[in-house]
Amino acid sequence: MPIGLVKRADGIYIDVGMSQAALTAAVAQVFAAGGYFAGLDYAALMQALYGVGPDLGAVQALRLADAVRVFDAARLALYKPPKVSLAYAEYTFQPLYLEQETLPDGTVIPERPVRLDIDEFVADMWNKGIRFGIDVAAVQAAMASPRAERITFATDLEPAPGRDACVVEVSSDLHRSDAPKARADGRIDLQSFQNRFPQIKANMRLLKKEPCAPGLPGFDLAGRRTEPAPPKDLTLRFLAGEGTEARLLDDGEYLVSTREGFLSVDAKSNRISVTDKIVSLEGVSGRTTGNLQLAGAYEEYGDVQEQRDVTGTDITVHGNVYGNIHSRGGSVALGQNLVGGSVHSVAGAVRVAGVASNAIVYAADGAVTIQRAENCVISGVDVSIEEASNCEIIGDTVRVALAEGCAIAGRNVEVESAGPRRRTEMVIYVLVKDVTQFDAEIADLELRVAALAQANADSQRELDRIAALPDVRRYLALAAKLRTQELVLTPEQGQHLRKIAGAVAEEMKAIQKHKQDLQVGQTQHKLLGDRLARVIEQQAEAAGIARCGLHLASGETMVRTMPFAADTAALRQLPPKELKQRLRGTPSGGQLLFADSAGSLDWHLTARPRPAP
């Protein structure tokens, strides 16, 4: 037996521990020597020589056949050459007969049928180049058939392709859920989706790389090995965009988020990013997104349909808005028109590049900029509008280039041109803070300052009267010259001066008392005057800025002041209906500054003058 084949009591074994090339040579040696394997297990032969078939596990020897026998030359003649094509081989099976035979003793053996043997067939085909891929069951069936039949009895084994490297999702949070949103009270909100824009946490595993796996080789009819195409690999870091990175962990390579945000996939590069902004191209409607409650910034290239709500921060809509925008912070930018909807911004500016019509725009702590507004209620800290028609507008600072039929209120109002629109009047209110709480204190201080001034004046007049008496005047003049040493007295003159001093002693006491009273009075007058000036400054500071600049009245226009008690934010926070009533209602209080169909106005709030020193 060739090396690699072992004969045992129960049959022929093949040593699968040897190389497949050595075993192939051993089997070929048996066939080339005119032998064949009786009771051959063809599947075991294919497994031993080519590794094709079920895994046998850790075995050293595999039973291959019952025995090795010599191929009878007479029977060898029964087997014809096969028809070999590129990837398969065909053989024609038909009934066979042995010719009449006369033995040496004269006995005649008549013609008789003969059958082919599968083990002989395998050996004959091996020697004719068919060493792989015989369909044993099909051959046995054709041999047993009583009719002639041409069959494909052997085929090439095509290489089994390998598995290309790929990525698989490892987080269920990557998928959108368009199911109706369940509210906290158990009811279903049919206007909102469960999770239209999935939010990703930081350090979340998003994708896992499944490495490539090699394919299985194929074999042609001659047993030659055909290698499969190499599998394709991928580099996971090439898929990492902003906010993601590839990490090699203990159980494989993953694409991991490095920040909290929203998932974004670039359709061209397949890069996966996690950004703080949601970018949508589909618009906001009941069909695409439903109402949106977002934790981050949002950019929409489509339209926001009517009765749809979008809540988030830093909201940008490039299409038209017919629904409602609610911003918790950051700016709101509308690239086209706001029609029949509303924008509410808690902190941040609002900009409408197109037309705002029949809309509500409210910026609690930010600026409002609109190109053209019609039939709108607009409130903001700083409001700038190019054209406004039939609108109610309020802000700390309001600038309107062209206003028609509007009611405008602000502390600093600048209008280039204003006039009525059809039957709607044009009115401008200058918001002036009510600072009357300072008036009582100012009036009291003014009275006290005036009283002190009068008392000081009376003391000065009495002092001047006494000092003008002849004896007092002469004594004061001599005393002054003596103090400056312009005059030096003899003893006799000194005695005379003492007589004069005794004569005006009462008057000099009165002068001294009036001087003391005047000094105290002047000090008190200065202190009260300074206090009055401070209160007036506090009143002016509390009143703040109030002005109106109307460059051109192109129709009946009225400008009035409107006192208010608290901060203007309280007025700006009024609901739209109340704000319209406040601005369109009958004015109460305030001062009429302008009422004419032509002309201009430049008015500034005049502060109370400081008291004279």
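What counts, and where the lines are drawn
- Residues numbered from 1 in each chain as written.
- Predicted model: local features only at pLDDT ≥ 70, side-chain atom pairs only at ≥ 80, totals over all residues.
- Heavy atoms only, no water.
- Helix = DSSP H or I, 4+ residues; strand = E, 2+ residues; numbered from the N terminus.
- Buried < 20%, exposed > 50% of the residue type's maximum accessible area, 1.4 Å probe, protein only.
- Contact = heavy atoms within 4.5 Å.
- Areas by Shrake-Rupley, 256 points an atom, 1.4 Å probe, with all protein chains shown as cover.
- Salt bridge = Lys/Arg side-chain N within 4 Å of Asp/Glu carboxyl O.
- Pairing = 2+ DSSP bridges.
- Axes fitted to C-alpha atoms, helices over the stretch in contact; angles between N-to-C directions.
- Parallel < 35°, antiparallel > 145°, perpendicular 65-115°, else oblique.
- Nonpolar A, V, L, I, M, F, W, Y, C, P; charged D, E, K, R; others polar.
- Core = buried A, V, L, I, M, F, W, Y, C linked by side-chain atoms within 4.5 Å.
- Phe/Tyr/Trp six-rings, centres within 6.5 Å; stacked < 30°, edge-to-face > 60°.
- Lys NZ or Arg CZ within 6 Å of the ring centre and 35° of its normal.
- Expected span 1.5 Å × (residues − 1).
- Patch = residues over 30% accessible without salt bridge, like charges linked within 9 Å, V, L, I, M, F, W, Y side chains within 5 Å.
- pLDDT = per-residue confidence, 0-100.

### Concerning the overall build of the protein chain
Helix and strand content of the protein chain: 11 helices and 41 strands. Counting the 613 residues in the protein chain, one finds 40% classified as buried. Long-range pairs, those at least 24 residues apart, make up 50% of the contacts in the protein chain between residues at least 6 apart in sequence. Accessible area for the protein chain stands at about 33100 Å²; split by element, carbon and sulfur atoms hold 52% of it.

### Notes on the pattern of salt bridges
One pass over the structure, following the stated rule, counts 23 salt bridges. Across the pair D530 and K526 runs a salt bridge whose closest N-O atoms are separated by 3.1 Å. Residue D530 and its partner K526 are located together in helix α9 (residues 505-543), separated by four residues, close to a single helical turn. Since its relative accessible area comes to 32%, D530 is described here as partly exposed. Owing to a relative accessible area of 55%, K526 belongs among the exposed residues under this scheme. Residue R547 pairs with D602 through a salt bridge whose shortest N-O separation is 3.5 Å. With R547 in strand β38 (residues 547-553) and D602 in strand β41 (residues 601-604), this residue pair connects regions lying 55 residues apart in the sequence. Linked by salt bridges that have partners in common, E414, R547 and D602 make up one network.

### Things to note about the sheet that holds strand β6 (residues 83-84)
What the three strands build is an open sheet, ordered β6-β7-β12; its pairing is antiparallel. The sheet is open, and its two borders are formed by β6 and β12 (149-155), each paired with just one other strand. Bridging between strand β7 (residues 88-93) and β12 involves six bridges; their strand directions are antiparallel. Directly across from F93, in β12, lies its bridge partner E149. Contacts from helix α5 (residues 136-144) reach β7 and β12, with the element oriented near 160° to β12.

### What about the packing of helix α1 (residues 20-32) against helix α2 (residues 42-50)?
With their axes 7 Å apart at the nearest point, α1 and α2 run at an angle of 135° to one another. Looking at the two axes, α1 sits oblique to α2. In contact with Q20, L23, T24 and V27 of α1, α2 contributes L45, A48, L49 and Y50. Within the contact of α1 with α2, the residues separate by chemical class into six nonpolar, two polar and no charged.

### A closer look at the sheet that holds strand β16 (residues 199-200)
The three strands are arranged β16-β22-β23 in an open sheet whose pairing can be described as antiparallel. The sheet terminates laterally at β16 and β23 (272-275), the two strands that pair on one side only. Pairing of strand β22 (residues 261-265) with β23, which is carried by four bridges, proceeds in the antiparallel orientation. Across the sheet, the residue bridging to F262 is T275, located in β23.

### Observations concerning the nonpolar core
In this structure, I378, I393 and I408 are the most contacted members of the largest nonpolar core, which totals 53 residues. In this view, I393 contacts I378, V383, I385, A388, V398, V400, A407, I408, A409 and L583; residues no more than four positions away in its chain are not counted. Counting 49 residues, the second-largest nonpolar core is a separate cluster that includes I14, L62, I130 and I134.

### Observations regarding unusual backbone geometry
Phi at Q307 takes a positive value of approximately 65°, unusual for a residue other than glycine. Along the chain, Q307 falls in the loop between β25 (292-300) and β26 (309-317). For R422, which is not a glycine, the phi torsion comes out positive at approximately 50°. Within the fold, R422 resides in the loop between β36 (407-419) and β37 (426-433). Assessed through its relative accessible area of 75%, R422 is described here as exposed.

### Observations concerning the packing of aromatic side chains
Counted according to the given criterion, the structure contains 13 aromatic pairs. A centroid spacing of 5.5 Å and a plane angle of 85° characterise the contact between F31 and F37, whose relative ring orientation is edge-to-face. Taken individually, F31 and F37 each receive the classification buried, so the pair is uniform in this respect. Seen from their ring centres, F31 and W126 are 5.3 Å apart, and the 50° between their planes marks the pair as tilted. In this pair, F31 is assigned in helix α1 and W126 in helix α4 (residues 118-127), connecting sequence segments 95 residues apart. Joined through ring pairs, the aromatic side chains of Y36, F71, Y79, Y91, F93, F121 and F153 make up one cluster. Above the plane of the ring of Y13 lies R8, whose end atom (NZ or CZ) is 4.3 Å from the centre. Over the face of the ring belonging to Y254 we find R205, whose NZ or CZ atom lies 4.4 Å from the ring centre.

### What to know about the environment of I200
In this fold, I200 is placed in strand β16. Along the chain, I200 and S171 lie 29 residues apart, while their C-alpha atoms are 9.8 Å from each other.

### Describing α1
The end-to-end C-alpha distance of α1, which contains 13 residues, comes to 18 Å, matching closely the 18 Å that a straight helix rising 1.5 Å per residue would cover. Within α1 the residues assigned to the buried category are L23, T24, A26, V27, A28, V30 and F31. Packing partners of the buried residues in α1 comprise β1 (5-8), β2 (11-15), β3 (35-38), α2, β5 (67-70) and α4. Just downstream of α1 lies G34, where phi reads positive at about 85°.

### So, the pairing of β41
Here β41 shows one buried face, formed by L601 and W603, and one open face, formed by D602 and H604. Judged from the four bridges that link them, β38 and β41 form a sheet pairing that is antiparallel. Its bridge partner lying in β41, C548 is registered against W603.

### Structural notes on a nonpolar patch on the surface
A cluster of nonpolar side chains, V279, L281 and Y301, forms an exposed patch at the surface whose accessible area comes to about 330 Å². Structurally, L281 is set in the loop between β24 (277-280) and β25.

### Things to note about the environment of I14
Within the secondary structure, I14 sits in strand β2. Considering only alpha carbons, one finds I14 and I3, 11 residues apart in sequence, at a separation of 9.2 Å. Ignoring sequence-local partners within four residues, the contact set of I14 consists of G4, L5, L23, V27, A48, L49, Q60, A61, L62 and L64.

### Focus: the confidence of the model for the protein chain
Mean pLDDT over the protein chain works out to 85, with 88% of the residues at or above the 70 mark. Least confident of the elements in the protein chain is strand β15 (residues 188-195), whose mean pLDDT is 44; most confident is strand β33 (residues 367-374), at 96. Residue range residues 177-182 is modelled with pLDDT below 50. Its contacts to residues more than four positions away, or to other chains, number 24 contacts. Low pLDDT, under 50, characterises residues 188-196; the predicted model gives this stretch 39 contacts beyond four residues in sequence or across chains.

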